[in-house]
Amino acid sequence: AQKITQTQPGMFVQEKEAVTLDCTYDTSDQSYGLFWYKQPSSGEMIFLIYQGSYDEQNATEGRYSLNFQKARKSANLVISASQLGDSAMYFCAMREIIPMNRDDKIIFGKGTRLHILP
Amino acid sequence: EAGVVQSPRYKIIEKKQPVAFWCNPISGHNTLYWYRQNLGQGPELLIRYENEEAVDDSQLPKDRFSAERLKGVDSTLKIQPAELGDSAVYLCASSLKVYEQYFGPGTRLTVT
């Protein structure tokens, strides 16, 4: 079963507009973490933002914010004032921890390709 | 500070040939990860090291894939023999804080 779902394979947004990239997740754990990564055409994965499941406030990093709605199991990324350089693939990911097995892995969604239009 | 270094960046081989990828993590990062990213997909974990110990290799196809991390620093991922389905980007990442992984540029493998 897919644990991270990104329903938008691609999005086109006008420069300077805000954009929301959707992400829903599935876990029965109480303690988990949610991430967003950016992957430009160069291929490198760039860490953007992290939200812990117990964090009461939504995480923010500059123009990035994570709209965390725990009851709905959603962790949408909001980019304010989009720029041409924001064009890239964006991956939502979840950290799962199973201490008994020493499991600690990050599971990625399939990504959303964001195109910023001039 | 230097980032995660991977080599080679690109590799084209014929099926049934062996191939090896090398990763040098960020200095001081004790956790190292190898991921495989198929076209149009997110990365999938192959193996995770804590220092020299492979603590999670459940997704590593052990019949043809092997990995090592000598002295808890550099790591090598090997495929022998390669199959057509192994064509993908192989990403290495390292972390100090478990929730903040830093990725290398990846090795794009094409098996013909």
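Scoring rules and cut-offs
Residues numbered from 1 in each chain as written. Chains lettered and ligands numbered in written order. Predicted model: local features only at pLDDT ≥ 70, side-chain atom pairs only at ≥ 80, totals over all residues. Heavy atoms only, no water. Helix = DSSP H or I, 4+ residues; strand = E, 2+ residues; numbered from the N terminus. Rg over C-alpha atoms; globule rule 2.2 N^0.38 Å. Buried < 20%, exposed > 50% of the residue type's maximum accessible area, 1.4 Å probe, protein only. Contact = heavy atoms within 4.5 Å. Areas by Shrake-Rupley, 256 points an atom, 1.4 Å probe, with all protein chains shown as cover. Lys, Arg positive; Asp, Glu negative; His and termini not counted. Charge placed at Lys NZ, Arg CZ, Asp CG, Glu CD. Buried area = accessible area lost by both parts, 1.4 Å probe. Salt bridge = Lys/Arg side-chain N within 4 Å of Asp/Glu carboxyl O. Nonpolar A, V, L, I, M, F, W, Y, C, P; charged D, E, K, R; others polar. Core = buried A, V, L, I, M, F, W, Y, C linked by side-chain atoms within 4.5 Å. Polar contact = N/O pair within 3.5 Å; in protein donor to acceptor, adjacent residues only side chain to side chain.

S.K.: Just to check I follow, could you spell out the overall build of chain B for this structure?
M.R.: Along its length, chain B carries zero helices and 11 strands. Along chain B, helices and strands appear, N-terminal first, in the series β-β-β-β-β-β-β-β-β-β-β. Against the compact-globule benchmark of 13 Å for 112 residues, chain B has a radius of gyration of 13 Å, which places it among compact chains. Principal-axis analysis of the C-alpha atoms gives chain B an extent of 40 × 25 × 25 Å. The 112 residues of chain B split such that 47% are buried. Of all intrachain contacts in chain B linking residues separated by at least 6 positions in sequence, the fraction that spans at least 24 positions is 52%. Within the structure as shown, chain B displays about 5500 Å² of accessible surface, and the carbon and sulfur contribution to it stands at 49%. On chain B, the mean spot of the 13 positive side-chain charges and the mean spot of the 14 negative ones are 6 Å from each other.

S.K.: Whenever I open this one, the interface of chain B and chain A confuses me. Can you help?
M.R.: Accessible area lost during the coming together of the parts is what is often quoted as the interface size. On the side of chain A, 19 residues touch chain B, which itself brings 21 residues to the contact. Regarding the contact of chain B and chain A, the summed buried area is about 1700 Å², with carbon and sulfur atoms giving 51% of it. Applying the counting rule to chain B against chain A returns zero salt bridges. Residue assignment for the side of chain B that touches chain A shows that the elements contributing at least two residues are β4 (31–37), β5 (44–50), β6 (53–56) and β10 (101–103) of chain B. Of the residues forming the side of chain B that touches chain A, the biggest block, three residues, is contributed by β6 of chain B. Per-class residue counts for the side of chain B that touches chain A are nine nonpolar, seven polar and five charged.

S.K.: What exactly am I supposed to notice about the nonpolar core here?
M.R.: Most often, soluble globular proteins have nonpolar side chains that are buried together. Residues Y25, W36, I49, L77, Y90 and L114 of chain A are the most contacted members of the largest nonpolar core, which totals 25 residues. Mapped onto this core, the elements with two or more residues apiece are β2 (10–14), β3 (19–21), β5 (33–39), β6 (46–52), β8 (64–69), β9 (74–79), β10 (88–98) and β12 (112–117) of chain A. With residues up to four places along the chain from it excluded, the contact list for L114 of chain A reads M11, V13, V19, I79, D86, S87, A88 and Y90 of chain A. Residues V19, W34, L77 and Y90 of chain B belong to the second largest nonpolar core, which totals 21 residues.

S.K.: Quick question: what am I supposed to make of the side chain of Q39 of chain A here?
M.R.: Relative to the elements of secondary structure, Q39 of chain A occurs in strand β5. Within the structure, Q39 of chain A has its side chain in polar contact with the backbone oxygen of G43 of chain A (distance 2.8 Å). Not counting the four nearest positions on each side in its chain, Q39 of chain A is found in contact with E44, M45, A88, M89 and F91 of chain A together with Q37 of chain B.

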